[in-house]
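# Chain and residue survey
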Amino acid sequence: MSSIHPLKEQLALLVGAALEVIAPDAPVSLEIERPKNPSHGDFSSNAAMQLARPLKKNPRELAQAVLLELPPSPLVARAEIAGAGFINFHLAPAAWHGIVRRVRSERGAFGRGDAGAGQHVLIEFVSANPTGPLHVGHGRQAALGDALCNLYAAQGWDVYREFYYNDAGVQIATLAASVQARARGLKPGDAGWPEAAYNGDYIADIAADFLARKTVKSDDRETTASGDADDVESIREFAVACLRHEQDLDLTAFAVRFDNYYLESGLYTDGRVEATVARLAAAGRTYEQDGALWLRTTEYGDDKDRVMRKSDGSYTYFVPDVAYHIAKWERGFTRAINIQGTDHHGTIARVRAGLQAVGLGIANGYPDYLLHTMVRVMRGGEEVKISKRAGSYVTLRDLIEWTSKDAVRFFLLSRKPDTEYIFDVDLARAQNNDNPVYYVQYAHARICRVFEEWGGDAGTLDDADLAPLAAPHELVLMQRIAEYPEIIATAAKELAPHIVVHYLQGLAGDFHAWYNAEKFLVDDAALKRARLALADATRITIVNGLALLGVSAPEKM
């Protein structure tokens, strides 16, 4: 399967055949592009202009030579020379009809490629501290991570989904102290309430369950509370288990799954943190100063050296991160992508420095990072900042309950990850074309309604004569569908699921325009069958694209 534009691929073969005759040894980066001005044709090649300098010839003369040697093809209606030496191709309708047949033949496989075949990638995402419910920022990360996993899988990669739990450190100690205070009968505002404590209602719920000696299941283990308010270790374990369970429910509601949950605490119990520090010391990349152990990160592009082990013997937070990524590498994941908030930007240089300094042959620039900004939520024209359950932020589950899983996913994926995003709850609930996810899903539902009214079997359209597809809106729609495989490949390569969102909005817009301009169930049997075949190809493409985003394609709305 190819992940480039199917017609670009075929035109590249034609131009390449001509170049083999004209200049078989000349260096050419063969590019077939869509002209910005549609009057210049469907596609254009600058091959002659690239050849002009190495061959010391006029580019227009070379372009003419290419046209003379161009193999005949039913795809090309005409080819002409423009400007300084561009070759513009005007395609025959049959070229676009072939796209409809291809989509209907490949169905769910349409748009998928094999660029990553035989390769493995670990994509780490969400990785929320188990100190509270998932907030809307985690939701953006979950949507991004899941869509990126789907995009990579669609390019043939073997994708491994991982959630890294920071279940050690200061925040977990604060969580335990918060639950312990609640278990002792204190509440926010009382004398003795910890200053840095978590104040949400969920802390009181955990404390009540702890005192009731309940058992909670999270991932691969069960944890039973001791019920002793003085047993801070039991409180810590139970609170973490409760919140892991809570986050599991959030992710289930969001239809996100993981292959593995990796615990930060395991890096200490398995000795990986100590082993990492020892490796760095043995490599001569550390030094002692002011009672602390430092890593020479400036040797790897950081702006200053970083403390690894503080004077009190505790490690700074990037040290277990280095140990964790060594574990990724040693598990065979030479390609790894981390999806994190922009607040993690400062850790990138020091983690990569540690991985380079350890001397294990880890590739420079490992791992890759996709950073995203936080999300603001608007409802009723006002910004929503507080969730009663969480205490200080809007949760992912709030957003799902206010709107829907589909709306949350589509909206959170609709912008570049590093741009600010305002989630408009009222717009996400709207049942009209102003709501972008409704607009796309409604295109699918409209097609389903057409087929329901027709009452026939879509499988009988395989031999439909597509020659009647000649209306302007039909040509535009077929051109849009043909772009889909390249769109998916680009979105994966650039870590940019929003490209798929924008494509689907454009595809839906093209379909709605066609639907409003033409009748499908006409008396002319050949025209009816041709239009139904194109509608079916549109439906398949919408379903495939929405599936990559984790969004459903309802048949009725």
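The structure presented is a predicted model; accordingly, all values stated were derived computationally and were not measured. Each chain carries its own residue numbering, running from 1 in the written order of its sequence. At least 70 in pLDDT is required for a residue's local features to be given in this predicted model, at least 80 for side-chain atom pairs to be given and counted, and no such filter applies to totals for whole chains, interfaces and linings, which use all residues. Values reported for side chains reflect all heavy atoms of the structure, with hydrogen atoms and water molecules removed beforehand.

Turning our eyes to something else, we now look at the domain arrangement of the protein. The accessible area lost on association of the parts is a frequent measure of interface size. Residue ranges assigned to the domains are those given by an automatic or database domain assignment. As far as domains go, the protein holds domain 1 (6-91), domain 2 (125-269 + 373-424) and domain 3 (433-549). Buried area: the sum, over both parts, of the accessible surface (1.4 Å probe) that disappears when the two are put together. Summed over both partners, the interface of domain 1 with domain 3 buries about 340 Å², with 40% contributed by carbon and sulfur atoms. Taken as a group, Pro 6, Lys 8 and Arg 34 account for 81% of the area that domain 1 buries against domain 3, more than any other trio of residues on that side. Note on definitions: salt bridges are taken to be side-chain nitrogens of Lys or Arg within 4 Å of carboxyl oxygens of Asp or Glu. Our count for the domain 1 to domain 3 interface comes out at 2 salt bridges. The partner of Glu 483 in a salt bridge is Arg 34, and the shortest N-O contact between them spans 3.6 Å. N or O atoms closer than or at 3.5 Å make up a polar contact, with two conditions inside protein: a donor-capable atom paired with an acceptor-capable one, and, for residues adjacent in sequence, both atoms drawn from side chains. Summed over the shared surface of domain 1 and domain 3, the number is 2 residue pairs in polar contact (both at pLDDT 80 or more). Throughout this entry, Asp, Glu, Lys and Arg are counted as charged residues, while Ala, Val, Leu, Ile, Met, Phe, Trp, Tyr, Cys and Pro are counted as nonpolar. The remaining residues, Gly among them, count as polar. Each residue belonging to the side of domain 1 that touches domain 3 can be placed in one class, and the counts come to 1 nonpolar, no polar and 3 charged.

Attention shifts here to the sheet that holds strand 14 (residues 368-372). Two strands pair if DSSP finds at least two bridges between them. Under the DSSP-based scheme used, a helix requires at least four consecutive residues in state H or I and a strand at least two consecutive residues in state E, with every element numbered from the N terminus. Taking strand neighbours across the sheet as the criterion, the 5 strands line up as 9-6-5-13-14 in an open arrangement whose pairing is parallel. Two strands in the sheet have a free side with no partner beyond their single neighbour: strand 9 (260-263) and strand 14. Geometrically, the sheet is characterised by an average inter-axis angle of 25° between neighbouring strands, direction not taken into account. Note that strand 5 (residues 120-124) and strand 6 (residues 158-165) share 5 bridges and pair parallel. The residue bridging Glu 124 from the neighbouring strand is Glu 162, located in strand 6. Sitting on the sheet, helix 5 (residues 136-154) touches strand 5, strand 6, strand 13 (336-341) and strand 14, and the angle it makes with strand 13 is about 160°. Contact criterion: two residues are considered in contact whenever any of their non-hydrogen atoms come within 4.5 Å of each other. Where helices are involved, their axes are fitted lines through C-alpha atoms of the stretch in contact, as for all axes, and angles between N-to-C directions lie from 0 to 180°. Its contacts with the sheet place helix 11 (residues 318-330) against strand 5, strand 6, strand 9 and strand 13, and it is angled at close to 155° to strand 6.

Orientation of helix 17 (residues 472-482) relative to helix 19 (residues 498-517), taken along the N-to-C sense of each, is 160°, at an axis distance of 9 Å. Accordingly, the angle class assigned to the pair helix 17 and helix 19 is roughly antiparallel. Crossing hand, helix 17 versus helix 19: left-handed. Judged by residue contacts, His 473, Glu 474, Val 476, Leu 477, Arg 480 and Ile 481 of helix 17 engage Tyr 503, Gly 506, Leu 507, Asp 510, Phe 511, Ala 513, Trp 514 and Ala 517 from helix 19. For classification purposes, an angle smaller than 35 degrees is called roughly parallel, one larger than 145 roughly antiparallel, one from 65 to 115 roughly perpendicular, and anything else oblique. Crossing handedness is read from the near helix: turned anticlockwise from the far helix by less than a right angle, it gives a left-handed crossing, and turned clockwise, a right-handed one.

Turning our eyes to something else, we now look at the packing of helix 4 (residues 93-106) against helix 20 (residues 525-549). Direction vectors running N to C along helix 4 and helix 20 enclose 55°, while the axes themselves pass 9 Å from each other. As summarised for this structure, helix 4 and helix 20 are arranged oblique, according to the angle between their axes. Considering the relative orientation of helix 4 and helix 20, their crossing is left-handed. Where helix 4 abuts helix 20, its residues Val 100, Val 103 and Arg 104 lie against Ala 533, Leu 534, Asp 536, Ala 537, Ile 540 and Thr 541. Class assignment for the residues of the contact of helix 4 with helix 20 results in 6 nonpolar, 1 polar and 2 charged.

To continue, consider the packing of aromatic side chains. Within a pair of aromatic rings, the relevant descriptors are the distance that separates the centres and the angle that separates the planes. Pairing of aromatic side chains requires ring centres within 6.5 Å, counting the rings of Phe and Tyr and the six-membered ring of Trp. Pairs whose planes differ by under 30 degrees are stacked, by over 60 edge-to-face, and all others tilted. Under the defined criterion, the tally for this structure stands at 26 aromatic pairs. One aromatic cluster is present, built from ring pairs that chain together Phe 125, Phe 163, Tyr 165, Phe 258 and Tyr 261. Over a ring means this: the NZ of a Lys or the CZ of an Arg is within 6 Å of the ring centre and within 35 degrees of the ring normal. The ring of Phe 43 carries Arg 34 above its face, with NZ or CZ at 5.1 Å from the centroid. Geometry around Trp 402 places Arg 379 over its ring, the cationic atom sitting 4.3 Å from the centre.

So, on to the pattern of salt bridges. According to the stated counting rule, one finds 34 salt bridges in the structure shown. A salt bridge links Glu 106 to Arg 102; the nearest nitrogen and oxygen atoms lie 3.1 Å apart. Taken together, the residues span about one helical turn, with Glu 106 and Arg 102 both in helix 4 at a distance of 4 residues. Burial classes: relative accessible area under 20% of the type maximum marks a residue as buried, over 50% as exposed, and values in between as partly exposed (1.4 Å probe, protein chains only). Looking at Glu 106, the relative accessible area reads 27%, which means it is partly exposed. The closest approach of N and O atoms between Asp 510 and Arg 480, which form a salt bridge, is 2.6 Å. Residue Asp 510 is found in helix 19, and its partner Arg 480 is found in helix 17; the two are separated by 30 residues along the sequence.

Turning our attention to helix 12 (residues 345-357). Taken as a whole, helix 12 has its buried residues at Thr 347, Ile 348, Arg 350, Val 351, Ala 353, Gly 354, Leu 355 and Ala 357. Contacts from the buried residues of helix 12 go to helix 10 (272-282), strand 11 (292-295), strand 12 (306-309), helix 11 and strand 14. Immediately downstream of helix 12, the backbone of Gly 359 shows phi near 75°, a positive value.

Here we come to unusual backbone geometry. The residue after Tyr 366, namely Pro 367, is reached through a cis peptide bond having omega -5°. With respect to the helices and strands, Pro 367 occurs in the loop between helix 12 and strand 14. The phi dihedral of Val 126 falls on the positive side, at around 70°, and the residue is not glycine. Here Val 126 lies in the loop between strand 5 and helix 5. You can call Val 126 buried: its relative accessible area is 3%. At Arg 213, a residue that is not glycine, the phi angle is positive and equals roughly 55°. Within the secondary structure, Arg 213 is located in the loop between helix 7 (201-211) and strand 7 (215-218).

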